[in-house]
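So you can see what is in the structure, the chains are spelled out below.
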Amino acid sequence: MTASIPANSDESVTGPAAGDARKRMPWSIGEIDFAAIDVARVRPDRELFYLLVSASFVESGSDTYAGNLATYYAANPEASGWLAEHWEAEELQHGLALRRYVEHVWPEFDWERGYARFFEEYRHTCSVDNFEPSEALEMAARCVVETGTAALYRSLEQASDEPVLRDLTRRIANDEVRHYKHFYRYFNTFNGVERLGRWRVLGALVRRLLEIKNEDAEIALRNVLRIERGTEDIPQKDVRRLNSRVSAVIRRNLPIEMTVKMLLRPLDLHAGVERAIRKPLVALVSRAVLH
């Protein structure tokens, strides 16, 4: 299914539980003063435009991924319930808030058409077949994804001095850090049963770190370019060039200490071992996420 995200509504989730889910969220879209956006300060920044549209696309498609993840953990009602009732609603709210920001600053961009085209590609990446082979390993992999999103929004907060954008990205980053803590707790719960060795956990972390390198971003950027250029034929070299360009913005503002600390946490390493692998891990993060 596609995300149900009305353009002029605070409804980021639908169905009987929608009201309760919104009440439990730490903030609401109504708290964001979109009318106060300093458009002149941010509108000329094309790299920021591409980053915000891409992020809004990915967040707006999170209901499909969340549904598959909840199904994967159906045997654990606490985990599947949190995924379905909390995580999904908050991710969709991120997508709606980012969409509203984009549409306020760049109203000429046809967000809805771009998202529809994006989702046709993106939904194929959300299959359960792409998950890790055990519940603990998939939670470890989710810790990597949440680390990446938290770092992305911290970077976006620093990349602009527009006050409303800084407020919004700070709120989203805080949500992502909180989501990470849930995934980390569930990882420990499942790993208490599975008793995985550190090498297997490390393998899951590295696999997911390498997998998230470009796929979502390239799908999003390709479809932004399709709307901008009015053509389906977008050369892959153009997508990669644009991806490198916007990644440079993240690279300049990346909270590297926070990122590495979050990535290492599921390994539960002794301090000496952590120090020994910290430098190569920083290099891996830079290569996998930022280029």
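Report follows, based on the coordinates.

1. Considerations on the overall build of the protein
Point 1. The secondary structure content of the protein amounts to 13 helices and zero strands.
Point 2. Reading the secondary structure of the protein in the N-to-C direction produces α-α-α-α-α-α-α-α-α-α-α-α-α.
Point 3. Long-range pairs, those at least 24 residues apart, make up 82% of the contacts in the protein with a sequence separation of at least 6.
Point 4. For the protein, the exposed area adds up to about 13100 Å²; of that, 52% sits on carbon and sulfur atoms.

2. Topic: helix α4 (residues 62-72)
Point 1. Within α4, burial applies to S62, D63, T64, Y65, A66, L69 and A70.
Point 2. Of the surrounding elements, those touching the buried residues of α4 are α3 (46-60), α5 (77-105), α6 (111-122), α7 (135-159), α8 (163-194) and α9 (198-211).

3. Description of the packing of α7 against helix α11 (residues 236-253)
Point 1. Two numbers describe how α7 lies on α11: the axes approach to 8 Å, and their chain directions differ by 90 degrees. One finds that α7 runs roughly perpendicular with respect to α11. Side by side, α7 and α11 meet where L152, S155, L156, Q158 and A159 of the first sit next to V249, I250 and N253 of the second.
Point 2. The class makeup of the residues in the contact of α7 with α11 is five nonpolar, three polar and no charged.

4. Considerations on the side chain of S160
Point 1. Mapped onto the fold, S160 is located in the loop between α7 and α8.
Point 2. Here S160 is in contact with V42, L48, L165 and R166, once residues within four sequence places are set aside.

5. Observations concerning the packing of aromatic side chains
Point 1. Under the definition given, this model contains 19 aromatic pairs.
Point 2. Centroid distance W82 to F183: 5.3 Å. Interplanar angle 85 degrees. Geometry classified as edge-to-face. Taken together, the residues W82 in helix α5 and F183 in helix α8 connect sequence positions 101 residues apart.
Point 3. Using a relative accessible area of 8% as the deciding quantity, one classes W82 as buried.
Point 4. In this structure, R46 packs its charged tip against the face of Y50, placed 5.5 Å from the ring centre.
Point 5. In this structure, R142 packs its charged tip against the face of F183, placed 5.4 Å from the ring centre.

6. Description of unusual backbone geometry
One can expect most non-glycine residues to show negative phi and most peptide bonds to be in trans.
Point 1. In the Ramachandran plot, R195 falls in the positive-phi region, its phi being about 55 degrees despite a non-glycine side chain.
Point 2. Within the secondary structure layout, R195 lies in the loop between α8 and α9.

7. Examining the packing of α7 against helix α12 (residues 256-264)
Point 1. At a minimum axis separation of 9 Å, α7 and α12 run at an interaxial angle of 170 degrees. In terms of their interaxial angle, α7 and α12 are classed as roughly antiparallel. Contacts between α7 and α12 involve V144, E146, T147, A150, A151 and R154 on the former and, on the latter, M258, T259, M262 and L263.
Point 2. The residue inventory of the contact of α7 with α12, partitioned by class, reads six nonpolar, two polar and two charged.

8. Considering the pattern of salt bridges
Point 1. Per the counting criterion, the structure on display carries 27 salt bridges.
Point 2. The salt bridge involving R43 is made with E108; its shortest N-O contact spans 3.3 Å. Of this pair, R43 sits in the loop between α2 (39-42) and α3 while E108 sits in the loop between α5 and α6, and the two are 65 residues apart along the sequence.
Point 3. Residue classification places E108 among the exposed positions, given a relative accessible area of 52%.
Point 4. Note that E78 and R185 form a salt bridge whose closest N and O atoms lie 3.0 Å from each other. Taken together, the residues E78 in helix α5 and R185 in helix α8 connect sequence positions 107 residues apart.
Point 5. Residues joined in a network through salt bridges with shared partners are R117, E121, R222, R226 and E232.

The rules we used
Residues numbered from 1 in each chain as written. Predicted model: local features only at pLDDT ≥ 70, side-chain atom pairs only at ≥ 80, totals over all residues. Heavy atoms only, no water. Helix = DSSP H or I, 4+ residues; strand = E, 2+ residues; numbered from the N terminus. Contact = heavy atoms within 4.5 Å. Areas by Shrake-Rupley, 256 points an atom, 1.4 Å probe, with all protein chains shown as cover. Buried < 20%, exposed > 50% of the residue type's maximum accessible area, 1.4 Å probe, protein only. Axes fitted to C-alpha atoms, helices over the stretch in contact; angles between N-to-C directions. Parallel < 35°, antiparallel > 145°, perpendicular 65-115°, else oblique. Nonpolar A, V, L, I, M, F, W, Y, C, P; charged D, E, K, R; others polar. Phe/Tyr/Trp six-rings, centres within 6.5 Å; stacked < 30°, edge-to-face > 60°. Lys NZ or Arg CZ within 6 Å of the ring centre and 35° of its normal. Salt bridge = Lys/Arg side-chain N within 4 Å of Asp/Glu carboxyl O.

Remember, this is a structural readout, not a statement about activity or role.
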